[in-house]
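# Results of the structural survey
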Amino acid sequence: MTRDERIRKVLASGPADPGKGFVLTMVLMIALGAAGLGLGFFAGAANAGWTSILTGLVLAAGIGASGVLISAIFTLTNARFGRAYVRLAESFAGFMPVALVLAIVFVALGGTSLPWAHDAGHLTGGKAVWLRRGFWDLRVIGALLLSFSVSIAYLYYSIRRDWAAIPGKLRETYSGIARAFAGRNLDGKDQETERMRCAGRLDVLAPIVAMVYAITFTMLGFDLIMALDPLWYSTLFGAWYFIGNLFATMALLAIVSIVLHRPLGLGAWITPSHRSDLATLLFAFCLVNADFFWSQYLTIWYGNLPEETGYVMKRTLDGDLPWRVVSWLSLVAFLAFPFILLLFRRVKRSGFLLSIVSIVCISGIFMARYIEIAPELLGIAAPARLDALYVPFASALLTFIGVLGVGLLVSMRVLRGMPVMPVGDDIFHAVHADEGDHS
Amino acid sequence: MTSAELLGVFESHDAFLKVIEQAGSRKVTIREIFSPVPDHHAVERLAGRKSPIRYVTAAGGIAGLVAGIALALLTARVWNLVVGGKPVMSIVPVVVVGFELTILFGALATLAGLFFFGRLPFVRFPVGAYREEFSLDRFGIWLECEVSQREPIERWLRESGAVRVERIGRPDAAEGIS
């Protein structure tokens, strides 16, 4: 198959259409999210609603930025199997507006729920300056805008490179925001020159995306999560947060590529072998995530300083508080379960089994974020039993499901404006020329 | 069981792949395949036969885990290094050593298994069934089957597109060339 034939084959099925079933499922998830939010604000403990919004925010922001980061990582590493997943990962940029809306709502209305905002008087020195509402608001919104701006710049060149590889007539069948954004003003230009220019820009932008992501999400981890307990600190917390985002996004990528395999016509490009490669990468991220978790835990364990250990003991050992069940479940879900199952080749090649494992991974990361946020915001005092957590936890879980629904719907809108495969990418063509094109 | 060995020589890559695919249902064992270029299509078709190396890797990994934990715990016990008032025999710090040795022993065992099962290095290369044309433009499959099945298998190879079928490693090999 020639390069042109391959491009026509990618475009033959037209703009990405996930199908009515997918859209209805997302709408149902959004309805569940709205119900969860209502539950949190009207039936839960104090701040249960804001806990749900903050948990949804940190996860949505992470998925939005990590989607583009995964594409940048594939560019940086010249990953061959990853080419088939690049566009789906990039479409997760649809989570960015969701995260921004949640951030603006939280900063504007939910900031009063921040524990340190009421009692900032006991903070001294640099911490008193750092945790000042105006400064904090500016940092949170600024970090999100900076990270998303760099990601969108990368996305622009990635999509434009592909539009530049496509003959004019074939572009006309596409519309949507990504097409209008990155596919304009191509007529009359030397398309090959433009494609090469965009590819060059991507090579420059990929490491910048990675560095900006690491810096901004470290800061966001500090500000949005760690600062909820202003007296506790861990220099590893930012890294632990951003690596968890990457892990969860990788799992979401696996699920979306499996669920939309048929509707998006991915069968010709994503083989069981590619799926197995993605699962292996998921396994690797499971280990890296666990590595960051353990590095942080080990340091606290060895130091044995009361201001550090209290944070961990409250969440894992205190029998008078309801948190330890969620903590241990989280550990099983993001480490033990995927670690064991992803050792098996059959699991890695099976769409159904890999979806299940990926859902558990995302649940594990969700619970990890929840257990970091909820104890500080909900302020449940000892003695409290597990049932004190039922409503707030259900609210946060349902809200997160709703956030996923909105994010994926927007992502699919983004995907409609671009080819589902990176047809302007030389490595994509080289991989399929080497492997032989599948029917 | 008395076994016979056959070599099928193919011009067509498709025919070569088809024979690899069908070999399992014909009750023949593929001893070796030859190709002038790296051929992942053929490797994928052979992949149905699970590699025993994974057991070696698992054994190495488990041995590494046990060795790492034992090394850390026993060292701590012998030297009684009390750090920060922690118990001498604690599980938290030994996890790191256990993990590192799991990876190290697992990787070394995999490498050893690769050499052993891959029959590396090829000190006796070229092997008996190797022909120079396999480095030029032909593909070869070296099969093992029961002697009673030799003629039907030869027929099947020819019908499947083999341009030549040879009998290998037997006194009658020369007369068997067809």
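Rules of the game
- Residues numbered from 1 in each chain as written.
- Chains lettered and ligands numbered in written order.
- Predicted model: local features only at pLDDT ≥ 70, side-chain atom pairs only at ≥ 80, totals over all residues.
- Heavy atoms only, no water.
- Helix = DSSP H or I, 4+ residues; strand = E, 2+ residues; numbered from the N terminus.
- Buried < 20%, exposed > 50% of the residue type's maximum accessible area, 1.4 Å probe, protein only.
- Areas by Shrake-Rupley, 256 points an atom, 1.4 Å probe, with all protein chains shown as cover.
- Lys, Arg positive; Asp, Glu negative; His and termini not counted.
- Charge placed at Lys NZ, Arg CZ, Asp CG, Glu CD.
- Core = buried A, V, L, I, M, F, W, Y, C linked by side-chain atoms within 4.5 Å.
- Contact = heavy atoms within 4.5 Å.
- Salt bridge = Lys/Arg side-chain N within 4 Å of Asp/Glu carboxyl O.
- Patch = residues over 30% accessible without salt bridge, like charges linked within 9 Å, V, L, I, M, F, W, Y side chains within 5 Å.
- Pairing = 2+ DSSP bridges.
- Axes fitted to C-alpha atoms, helices over the stretch in contact; angles between N-to-C directions.

### Examining the overall build of chain A
What chain A contains, in helices and strands, is 19 helices and zero strands. For chain A, the proportion of its 439 residues judged to be buried stands at 55%. By element, 68% of the accessible surface of chain A is carried by carbon and sulfur atoms, the whole surface being about 17,300 Å². Across chain A, the centroid of the 35 positively charged side chains sits 6 Å from that of the 29 negatively charged ones.

### A few points about the nonpolar core
In this structure, Leu-54, Trp-136, Leu-224, Leu-252 and Trp-323 of chain A are the most contacted members of the largest nonpolar core, which totals 149 residues. Here this core gets 17 residues from one element, more than from any other, and that element is helix H12 (residues 237-259) of chain A. Beyond its immediate stretch of four places on either side in the chain, Leu-224 of chain A contacts Leu-54, Leu-57, Val-58, Trp-136 and Val-140 of chain A. Within the second largest apolar cluster, 22 residues are counted, among which are Phe-16, Ile-20, Ile-30 and Ile-153 of chain B.

### Structural notes on the pattern of salt bridges
The full count for this structure, using the stated rule, is 24 salt bridges over all chains. The salt bridge involving Arg-197 of chain A is made with Glu-194 of chain A; its shortest N-O contact spans 3.0 Å. Of the two residues, Arg-197 of chain A and Glu-194 of chain A are both situated in helix H11 (residues 191-225); the distance of three residues between them amounts to about one turn of the helix. In this structure Arg-197 of chain A comes out as partly exposed when scored by relative accessible area, which is 34%. Classification of Glu-194 of chain A as buried rests on a relative accessible area of 7%. Between Glu-11 of chain B and Arg-138 of chain B there is a salt bridge, with its nearest N and O atoms 3.0 Å apart.

### As for a positive patch on the surface
Where like charges cluster on the molecular surface, the positive patch consists of Arg-345, Arg-346 and Arg-349 of chain A together with Lys-50 and Arg-54 of chain B. Counting residues per element, the positive patch draws most heavily on helix H16 (residues 345-349) of chain A, which supplies three residues. Here Arg-54 of chain B is to be found in helix H3 (residues 53-79).

### Regarding the sheet that holds strand E1 (residues 3-10) of chain B
All names here are of chain B. The strand order across the open sheet built from four strands is E2-E3-E1-E4, with neighbouring strands paired in antiparallel fashion. Strands at the two margins of the open sheet, each flanked by one partner only, are strand E2 (29-34) and strand E4 (162-168). Shown here is a sheet whose adjacent strand axes are inclined to one another by a mean of 20°, direction ignored. Bridge analysis of E2 against strand E3 (residues 139-146) gives five bridges, and the strand direction is antiparallel. The residue bridging Thr-29 from the neighbouring strand is Glu-144, located in E3. Each of E1, E2 and E3 touches helix H1 (residues 13-22); the most contacted strand, E3, lies at about 25° to it.

### So, the pairing of E1 of chain B
All names here are of chain B. Burial analysis of E1 places eight of its eight residues in the buried class, which makes it a mostly covered element. Burial along E1 is two-sided: Ser-3, Glu-5, Leu-7 and Val-9 and Ala-4, Leu-6, Gly-8 and Phe-10, pointing in opposite directions, are all buried. In this sheet, E3 lies alongside E1 in antiparallel orientation, the contact comprising eight bridges. Paired with Leu-6 across the two strands is Leu-143, which belongs to E3. Pairing of E1 with E4, which is carried by six bridges, proceeds in the antiparallel orientation. Bridge pairing in E4 places Gly-8 opposite Val-165.

In short, shape yes, function no, at least from these values alone.
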